Amino acid sequence: MSFVSEFNALPVPTLLQQSRTAGVAAVRETLTRDRLSLLDFARLISPAATELLEHLGRRSQVLTRQRFGKVIRLFAPLYLSNECINNCKYCGFSRDNPILRVTLSVDEVRREARALAGQGFRNILLVAGEHPKFVSNGYLAECVAALHEETPSVSLEVGPMEIAEYRPLVTAGADGLVVYQETYDRAVYDDMHTAGPKRNFDWRMETPERAYAAGFRRLGIGALYGLADWRYEALCVAAHAEYLLRTCWKAALTISLPRLRPCAGEFHPLTHISDRELVQLVCAFRLMFPDVGLVLSTREPAKLRDGLFPLGITLISAGSHTEPGGYTGAGRENIHQTVRGRIVEAGASEWAGPGKGDNTPATGQFNIADDRSVEEVARQIQQLGYEPVWKDWDAALMT
Ligand code: SF4
């Protein structure tokens, strides 16, 4: 049995109803419990719970400090390639977007990683679009092996694979796998994913389980907020996390809370989650899952991030680039444009601007909102009374 069966049997109407209509008294009662159920979680994300947001924040802060200490861990995304065979309406890398694309060579990836190491990072997330030709398994294994020599913690956010395809990546040194379901709403999922293997909703949802079976010992999940109703997404993420904590118990689990950002293709969010609701969601996840890492990226603006750090966030990115070669300019001489998946002459697309040979960077996946330098973010963490930690975990402690 996989999470898909549990997901299909979730009592969604009951949970959703609680998340929309629970009263303050029910929320207060939930806050007296040590262990929370999905129904309790539904109450914590209800409109009524916003009246108790300060209380939720205090509880969340205390729990986070008890379980994680006063530290914020940092990681950096390193984009390997923005080639992709999928069309996801909300993503700048979609196959049909006429953008500037490149896949870094292994040496260029090493260069990028060394630049990140120079900034202090010891925890790197390798990100790539899904493209069997440019981003083959062999290429990914080579990238991981090259970085593993110098970087203690390498994880992946790449197209889903079979267990047997994941194993060589684990052997090469990758320890974590991140895969967002994007949306847990099947109808919205079908509408958003118009072409490519990503159209298979169930296959994607089973990915963390396959990754675990292959030996990954850090798993990251999440929904992309802005596609379906945020309370529905949060309930499904919570159910998914509960399942993984039960069945993949040797792995450390993280939950990310990305909100949609502007990107090539100019997709506009279909739904909205306010800043205040995002704060509420962070607290609700912390109260529900005291030991699960909560991840916040540079998609959120500096002020909101600073406010969220002490409330339950444990892992953040900083100084991020969402284009391959973003940290060093690597790969610029190989940049090309694509129109509907086909390579065209540089400069042929008014979207992408000039191309090959003029030192223009590849197109990023989305625009970041917190554009502070890594040093600024680290300083801010210290000013908040927390210690910035550059390494996510130590392999020696896990064996
Ligand atoms: S979200 Fe991922 S799979 Fe979809 S277009 Fe972007 S890179 Fe490709």
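If you're wondering where the values come from, they're calculated on a predicted model, not measured in any experiment.

Caption draft 1: Looking closely at the packing of helix H8 (residues 163–172) against helix H11 (residues 207–214). Two elements in contact, H8 and H11, have axes separated by 8 Å at closest approach and are oriented at 55°. The pairing of H8 with H11 is recorded here as oblique in orientation. The interaxial crossing formed by H8 with H11 has right-handed handedness. Residues Ile163, Tyr166, Arg167 and Val170 of H8 form the contact with H11, whose participating residues are Thr207, Arg210, Ala211, Ala213 and Ala214. Each residue belonging to the contact of H8 with H11 can be placed in one class, and the counts come to 6 nonpolar, 1 polar and 2 charged.

Caption draft 2: How the structure looks around the sheet that holds strand S13 (residues 342–344). One open sheet accounts for 3 strands, arranged S3-S12-S13; its pairing is antiparallel. Strands at the two margins of the open sheet, each flanked by one partner only, are strand S3 (100–101) and S13. With 3 bridges connecting them, strand S12 (residues 336–339) and S13 associate as antiparallel partners. Pairing of valine 339 across the sheet is with arginine 342, part of S13.

Caption draft 3: Representation of the pairing of strand S5 (residues 153–157) in the model. Counting buried residues in S5 gives 4 out of 5 residues, a clear majority hidden from the surface. The pairing of strand S4 (residues 123–128) with S5 spans 5 bridges and is parallel. Each residue of the ladder has a partner; that of asparagine 123, found in S5, is serine 153. Handedness of the crossover is the feature at issue here: the chain leaves S4, passes through helix H7 (residues 137–148), returns alongside S5, and the resulting connection is right-handed. As defined by bridge partners, S5 adjoins strand S6 (residues 174–178) across 3 bridges and the pair is classed as parallel. The residue bridging leucine 156 from the neighbouring strand is leucine 177, located in S6. Of the crossover connections in this fold, the one passing from S5 over H8 to the parallel S6 is right-handed.

Cut-off values and rules
Residues numbered from 1 in each chain as written. Predicted model: local features only at pLDDT ≥ 70, side-chain atom pairs only at ≥ 80, totals over all residues. Heavy atoms only, no water. Axes fitted to C-alpha atoms, helices over the stretch in contact; angles between N-to-C directions. Helix = DSSP H or I, 4+ residues; strand = E, 2+ residues; numbered from the N terminus. Parallel < 35°, antiparallel > 145°, perpendicular 65-115°, else oblique. Left-handed = near helix turned anticlockwise from the far one by under 90°. Contact = heavy atoms within 4.5 Å. Nonpolar A, V, L, I, M, F, W, Y, C, P; charged D, E, K, R; others polar. Pairing = 2+ DSSP bridges. Buried < 20%, exposed > 50% of the residue type's maximum accessible area, 1.4 Å probe, protein only. Right-handed = clockwise from strand over helix to strand, strands pointing away.

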